[in-house]
Amino acid sequence: MVKKIMRDPLFLAQKSVDATEADKQVITDLLDTLRANLDHCVGMAANMIGVKKNIIVVASGPFQFAMVNPVITKKTGAYQVEEGCLSLDGTRLCTRYQEIEVDYLDQHFKRQHGKYFGWVAQIIQHEVDHCNGVVI
């Protein structure tokens, strides 16, 4: 189900907690909400729909995928970039990394490890920041 976007910076600044299989509906809702906003959004975290769980979704080309309880385990190639956010007005300068590695569970709660580069890596970092209560 498509959910309303959370815009309260005090809520967004709170750390999320790990998701469990009981949170499968949150994954579905988050993917539905991302797909409804693809014309101006490339990723979302569960707190953006009012749920403080460590779940993110990412749009990569024609695909959208979920990462549950993502943890960035390696990052290289720091750079500065200006980013915007569906939950906030304007843009902000932040540090991102060109290459990252992430441990996570897929939407079926199977363990995964991925290496991501460039734009997709930037999206994942932004959404993981959301889970950690970092508001850019």
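This structure is a prediction, so every number in the text was calculated from the model and none was measured. (Residues numbered from 1 in each chain as written. Predicted model: local features only at pLDDT ≥ 70, side-chain atom pairs only at ≥ 80, totals over all residues. Heavy atoms only, no water.)

**Student:** Is there a simple way to think about the overall build of the protein chain in this case?
**Tutor:** A count of helices and strands for the protein chain gives 3 helices and 5 strands. Along the protein chain, helices (α) and strands (β) appear in the sequence α-α-β-β-β-β-β-α when read from the amino end. For the protein chain, whose C-alpha radius of gyration is 14 Å, the value lies close to the compact-globule estimate of 14 Å for 136 residues. Burial statistics for the protein chain: of 136 residues in total, 49% are counted as buried. (Helix = DSSP H or I, 4+ residues; strand = E, 2+ residues; numbered from the N terminus. Rg over C-alpha atoms; globule rule 2.2 N^0.38 Å. Buried < 20%, exposed > 50% of the residue type's maximum accessible area, 1.4 Å probe, protein only.)

**Student:** Help me understand the packing of aromatic side chains, please; the structure alone is not making it clear to me.
**Tutor:** To describe a pair of aromatic rings, one takes the distance between the centres and the angle between the planes. Throughout the structure, instances matching the rule amount to 1 aromatic pair. On the numbers, 6.3 Å between centres and 15° between planes, the contact of F65 with Y116 is stacked. Residue F65 is located in strand 3 (residues 63-85), and its partner Y116 is located in strand 5 (residues 111-117); the two are separated by 51 residues in the primary sequence. We classify F65 as partly exposed; its relative accessible area is 22%. (Phe/Tyr/Trp six-rings, centres within 6.5 Å; stacked < 30°, edge-to-face > 60°.)

**Student:** Hey, could you run me through the sheet that holds strand 4 (residues 88-105) in this one?
**Tutor:** Consider a sheet: its strands pair through backbone hydrogen bonds, and that pairing is either parallel or antiparallel. Spatially, the 5 strands line up as an open sheet ordered 1-2-3-4-5, and their pairing is antiparallel. Each end of this open sheet is capped by a strand with a single partner; those strands are strand 1 (43-45) and strand 5. Averaged over all pairs of adjacent strands, the angle between strand axes in this sheet comes to 45°, irrespective of strand direction. Summarising the sheet, strand 4 and strand 5 pair through 7 bridges and their orientation is antiparallel. Each bridged residue has a counterpart across the sheet, and for I100 the counterpart in strand 5 is Y116. The sheet strands contacting helix 3 (residues 118-131) are strand 1, strand 2 (55-60), strand 3, strand 4 and strand 5, and the helix crosses strand 3 at an angle near 105°. (Pairing = 2+ DSSP bridges. Axes fitted to C-alpha atoms, helices over the stretch in contact; angles between N-to-C directions. Contact = heavy atoms within 4.5 Å.)

In short, the description is geometric, and any link to function would need to be established separately.
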